[in-house]
Amino acid sequence: MSDILIVDDERDIRELISDILEDEGLTTRLAGGSDECMAELNSEPPSLMILDIWLKDSKMDGIDILKHVKRNNPDVPVVIISGHGNIEIAVAAIKQGAYDFIEKPFNIDQLLVVIRRAMETARLRRENNQLRRQDTAAAEMIGNSAAYRSMIGQLDKVTRSNGRVMLTGPAGAGKEVAARYIHAQSTRAGAPFVVVPCASIDPDRMEQVLFGRESSERGVEKGLLEEAHGGVIYFDEVADLPPGTQSRLLRVLVDQTFTRIGGTDKVRVDIRVISSTGRDLEAEINAGHFREELYHRLNVVPIAVPSLSERREDIPVLSEHFIEELHAGQGLPKRVLSDEAAALMQTMNWPGNVRQLRNVIERILILGDSRDAIGVDEIPKEEERAPADGRVVLSGALATMPLREAREAFEREYLLTQINRFGGNISRTAQFVGMERSALHRKLKSLNVVTTSKAGGRVAHVEDEMHQEAAE
């Protein structure tokens, strides 16, 4: 950025400064009074301002303009110049946020040094703010399953637009990672990605956190909406937004403007909104907990993030990814997952989804032994463990059945688990269980097990008996 706005009521002075700066390869804009200055600021903020304290026949003097700039464009450095300078004016200007103060007649070399330093300081501040605001959590999506590929196909489509996206799915499934993926692949990738953790913010502070506030004692404090300007704001668990905040947010989505708490000036923002929820928002609407109009504004493009049980086929590759990540980030041992351990993990219940899987891998790497391969014995089971001698634990239900019924129930559950583990792929299932594909098909039919499309993949389930009788 090299655009400098020069504001001085003396035409000769502003044109002289402009000529000097343009000789240095900088571009300039000129304003002779406060009205022209405000018009230039509203059209596009400059990279730096050179501002005279005394502006003859203007509605605002230099200090008034300085206050306005620091309130609405705090990243723009302002260099104050005046022919009537004294220490009191200089101190007042610096207190209001001016970068420096130079008296007329000024030394050209001194002015150039101050301008270069001010622009470099502003550049570094912008970069630091962006790095601080932009959480660098990984936006890498991992998987090969049909359910995963279906989701990625939808995410890739929305990256090319600014449409609002609603991500749905259970806790731990990776909704925030999906939101970061959209951001990273979009034209806003270099701009901030700001997370609003709706469930963890005190409802009484939510509006201040979102919209910021103004006070004579503390000046302007930006909210998360301003922090996200130019980029993406992500409402994590949007169902937890307080009702009053929902109304104000709805107005922001309509106008793209808002006022800070305690302020009067309109703040305009350019943001893309992505939301997520693990709850049924339509049920929340019917219960009077969520505004229907806000739901329709946010739910322009709904995308379901599948649970880990819907993409069991991805468990080995996800585990390998977490091992690499934890090795690089925390220095934990770089081990491999044995085929037996991977097979066991694909049959386990994962109520915490991908987040739970990562935690289990981290626990294994921290507490595990020195073997290269992670074995079955290292997989923590939240459910009942198998006896040490390797015998299978017989459930209470199976123990009460005759042998024939118990065998049929076991086969049905075993094959359901294996088919879902392999994402509905019958060929891979047959290979693993040691059956010919045709024999497996006959066995599934005899057990009333069918596969249907769900979330882009094939999921096995037991066919309802009434439905079977109707079909016959």
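What comes next concerns the included structure.

So, how was this worked out
- Residues numbered from 1 in each chain as written.
- Predicted model: local features only at pLDDT ≥ 70, side-chain atom pairs only at ≥ 80, totals over all residues.
- Heavy atoms only, no water.
- Helix = DSSP H or I, 4+ residues; strand = E, 2+ residues; numbered from the N terminus.
- Contact = heavy atoms within 4.5 Å.
- Areas by Shrake-Rupley, 256 points an atom, 1.4 Å probe, with all protein chains shown as cover.
- Salt bridge = Lys/Arg side-chain N within 4 Å of Asp/Glu carboxyl O.
- Buried < 20%, exposed > 50% of the residue type's maximum accessible area, 1.4 Å probe, protein only.
- Phe/Tyr/Trp six-rings, centres within 6.5 Å; stacked < 30°, edge-to-face > 60°.
- Lys NZ or Arg CZ within 6 Å of the ring centre and 35° of its normal.
- Axes fitted to C-alpha atoms, helices over the stretch in contact; angles between N-to-C directions.
- Parallel < 35°, antiparallel > 145°, perpendicular 65-115°, else oblique.
- Left-handed = near helix turned anticlockwise from the far one by under 90°.
- Nonpolar A, V, L, I, M, F, W, Y, C, P; charged D, E, K, R; others polar.
- Pairing = 2+ DSSP bridges.
- Arc of directions from axis to C-beta.
- Expected span 1.5 Å × (residues − 1).

### What about the overall build of the chain?
- Scanning the chain from N- to C-terminus turns up 20 helices and 18 strands.
- Put simply, of all contacts in the chain between residues at least 6 apart along the chain, 68% involve residues at least 24 apart.
- When the accessible surface of the chain is summed, it comes to about 24700 Å², and 49% of that surface belongs to carbon and sulfur atoms.

### Focus: the pattern of salt bridges
- Throughout the structure, instances matching the rule amount to 27 salt bridges.
- Between R213 and E221 there is a salt bridge, and its shortest N-O distance comes to 2.5 Å.
- On the basis of relative accessibility, which here comes to 23%, the residue R213 falls in the partly exposed class.
- A residue is classified by how much of its surface remains accessible, and E221, at 22% relative accessible area, is partly exposed.
- A salt bridge links E324 to K334; the nearest nitrogen and oxygen atoms lie 3.3 Å apart. On the criterion of sequence distance, the pair formed by E324 in helix α13 (residues 315-330) and K334 in the loop between α13 and β15 (336-337) is long-range, its members being ten residues apart.
- According to the relative accessible area criterion, K334 is exposed, its value standing at 52%.
- Among the ionic contacts, a cluster of salt bridges with common partners joins D8, E10, D52 and K104.

### So, the packing of aromatic side chains
- Under the criterion given, the structure shown has three aromatic pairs.
- Taking 5.8 Å as the distance between ring centres and 25 degrees as the angle between the ring planes, the aromatic pair formed by F410 and Y414 counts as stacked. Taken as a pair, F410 and Y414 lie in helix α17 (residues 403-421) at a separation of four residues, close to a single helical turn.
- Its relative accessible area of 47% is what places F410 among the partly exposed residues.
- Note on Y414: relative accessible area 31%, which makes it partly exposed.
- Taking the ring centre of F211 as reference, the NZ or CZ of R248 above it sits at 4.0 Å.

### Description of the packing of α13 against helix α15 (residues 353-367)
- Closest axis-to-axis distance for the α13/α15 pair is 9 Å, and the angle between their directions is 55 degrees. Judged by the inter-axis angle, α13 sits oblique to α15. In terms of crossing hand, the pair formed by α13 and α15 is right-handed. Between α13 and α15, the contacting residues are I315, L318, S319, F322, I323, E325, L326 and Q330 on the first element and V354, L357, R358, I361, E362 and L365 on the second.
- The residue makeup of the contact of α13 with α15, split by class, is nine nonpolar, two polar and three charged.

### Some thoughts on the sheet that holds strand β10 (residues 232-236)
- Within the open sheet, the five strands sit side by side as β7-β10-β13-β6-β14. Their pairing is parallel. Where the open sheet ends on each side, the last strands, each with one partner, are β7 (193-197) and β14 (301-304). Sheet twist, expressed as the average angle between the axes of neighbouring strands with direction ignored, equals 20 degrees.
- Two strands pair when backbone bridges link them, and strand β6 (residues 165-168) and β14 are joined in this way by four bridges, in the parallel orientation. Bridge pairing in β14 places L167 opposite I303.
- Relative to β14, helix α6 (residues 146-158) is tilted by about 155 degrees, and along the sheet it contacts β6, β13 (272-277) and β14.

### A word on the sheet that holds strand β4 (residues 78-82)
- In space, the five strands of this open sheet follow the order β2-β1-β3-β4-β5, with parallel pairing throughout. This sheet does not close on itself; its edge strands, each paired only once, are β2 (27-31) and β5 (100-103). Each neighbouring strand pair of the sheet contributes to a mean axis angle of 20 degrees, computed without reference to strand direction.
- As paired strands, strand β1 (residues 3-7) and β2 are joined by five bridges and run parallel to one another. Along β2, the bridge assignment pairs V7 with A31.
- Contacts between helix α2 (residues 34-43) and the sheet are confined to β1, β2 and β3 (48-52), with β2 contributing the most and set at about 140 degrees to the helix.
- Packed onto the sheet, helix α3 (residues 62-72) meets β3 and β4 and runs at close to 160 degrees relative to β3.

### A word on α2
- Residues of α2 that are buried include every one of S34, C37, M38 and L41, and no others. Considered in projection along α2, the buried side chains sweep an arc of 95 degrees and stay on one side of the axis.
- On its buried face, α2 is in contact with β1, β2, β3 and α3.

### Side note on α13
- Its 16 residues place the ends of α13 21 Å apart at the C-alpha level, agreeing with the 22 Å of an ideal helix rising 1.5 Å per residue.
- Within the span of α13, buried status applies to I315, L318, S319, H321, F322, I323 and L326.
- Of the residues flanking the end of α13, it is G331, one or two places downstream, whose phi is positive at about 75 degrees.

### Focus on the pairing of β13
- Of all six residues in β13, six are buried; the element is thus mostly enclosed.
- Neither face of β13 is exposed, since R272, I274 and S276 on one face and V273, S275 and T277 on the opposite face are all buried.
- Pairing geometry for β10 and β13, over four bridges, is parallel. Along β13, the bridge assignment pairs I233 with V273.

Read these as layout, nothing more, since geometry by itself doesn't imply function.
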